[in-house]
Amino acid sequence: MGLLKGKTAVITGAGSGIGRAVALALGKEGTTLCLVGRAVEKIGAVAALARENGSTVHCYQVDLSVDKDIVKLVSGVERDFKKLDILVNSAGFFSVAGIEDASIEDFDRHYQVNVRAPYRLTQLLLPMLRATQ
């Protein structure tokens, strides 16, 4: 364990892909994990693996395309933790279709999850991140 022992990290998209890999790597370093994802089963499975390695883990089921869910997440993090050291915006949405077939709803979801949610989450958690410097 190194420099990340005792740090607290929020990781979106923690149920799969890069978010999962980052969560497990940070957990091995002794970081307290706040796992964020839509599918509670997926983040629960990552939490179980991280706990096997001795990590402290909290799970938050959140749909980042829903503003109320983002606010609920921030409230939960503020309630559950005194500080926040790391924010990993790893959640993403991707829909494969040519422009002639792509729905405007998919376009809106791309923007909501991939652009707006990371911006808003960073904005709302910035006071906690700055407090640890």
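Residues numbered from 1 in each chain as written. Predicted model: local features only at pLDDT ≥ 70, side-chain atom pairs only at ≥ 80, totals over all residues. Heavy atoms only, no water.

Chemist: Describe helix H3 (residues 67-80), naming the residues involved and giving the relevant values.
Modeler: Compared with the 20 Å implied by 1.5 Å per residue over 14 residues, the 20 Å span of H3 between its first and last C-alpha is a close match. Buried within H3 are the following residues: Asp69, Ile70, Leu73, Val74, Gly76 and Val77. All buried residues of H3 project into a common sector of 160° when viewed along the axis, lining one side. Within H3, the exposed residues directed more than 90 degrees away from the buried face are Lys68 and Arg79. Here the buried face of H3 lies against strand S1 (8-12), strand S2 (32-37), strand S3 (57-61) and helix H4 (104-131). (Helix = DSSP H or I, 4+ residues; strand = E, 2+ residues; numbered from the N terminus. Expected span 1.5 Å × (residues − 1). Buried < 20%, exposed > 50% of the residue type's maximum accessible area, 1.4 Å probe, protein only. Arc of directions from axis to C-beta. Contact = heavy atoms within 4.5 Å.)

Chemist: Outline H4, supporting the account with residue identities and numerical values.
Modeler: Here H4 is 28 residues long and its end C-alpha atoms lie 40 Å apart, about the 40 Å a rise of 1.5 Å per residue gives. The largest bend along H4 reaches roughly 50° and is located at Leu125, with the proline Pro127 sitting one to four residues downstream. Of all the positions in H4, only Gln112, Val113, Ala117, Pro118, Leu121, Leu125, Met128 and Leu129 are classed as buried. As for H4, its buried residues are in contact with S1, H3 and strand S4 (86-88). (Bend = angle between axes of the 7 residues up to and from the residue.)

Chemist: A description of the sheet that holds S4 should follow, citing residues and the corresponding values.
Modeler: Strand order in the open sheet formed by four strands is S3-S2-S1-S4, with parallel pairing between adjacent strands. The open sheet has two edge strands, S3 and S4, and neither has a second partner. Across the sheet, the mean angle separating the axes of adjacent strands is 15° when strand polarity is ignored. Where S1 and S2 come together, five bridges link them in parallel fashion. By the bridge assignment, Ile11 is partnered in S2 with Leu35. Of the strands in this sheet, S1, S2 and S4 are in contact with helix H1 (residues 17-28), which crosses S1 at around 165°. Together, S2 and S3 form the strand contacts of helix H2 (residues 40-52), whose direction differs from that of S3 by roughly 175°. (Pairing = 2+ DSSP bridges. Axes fitted to C-alpha atoms, helices over the stretch in contact; angles between N-to-C directions.)

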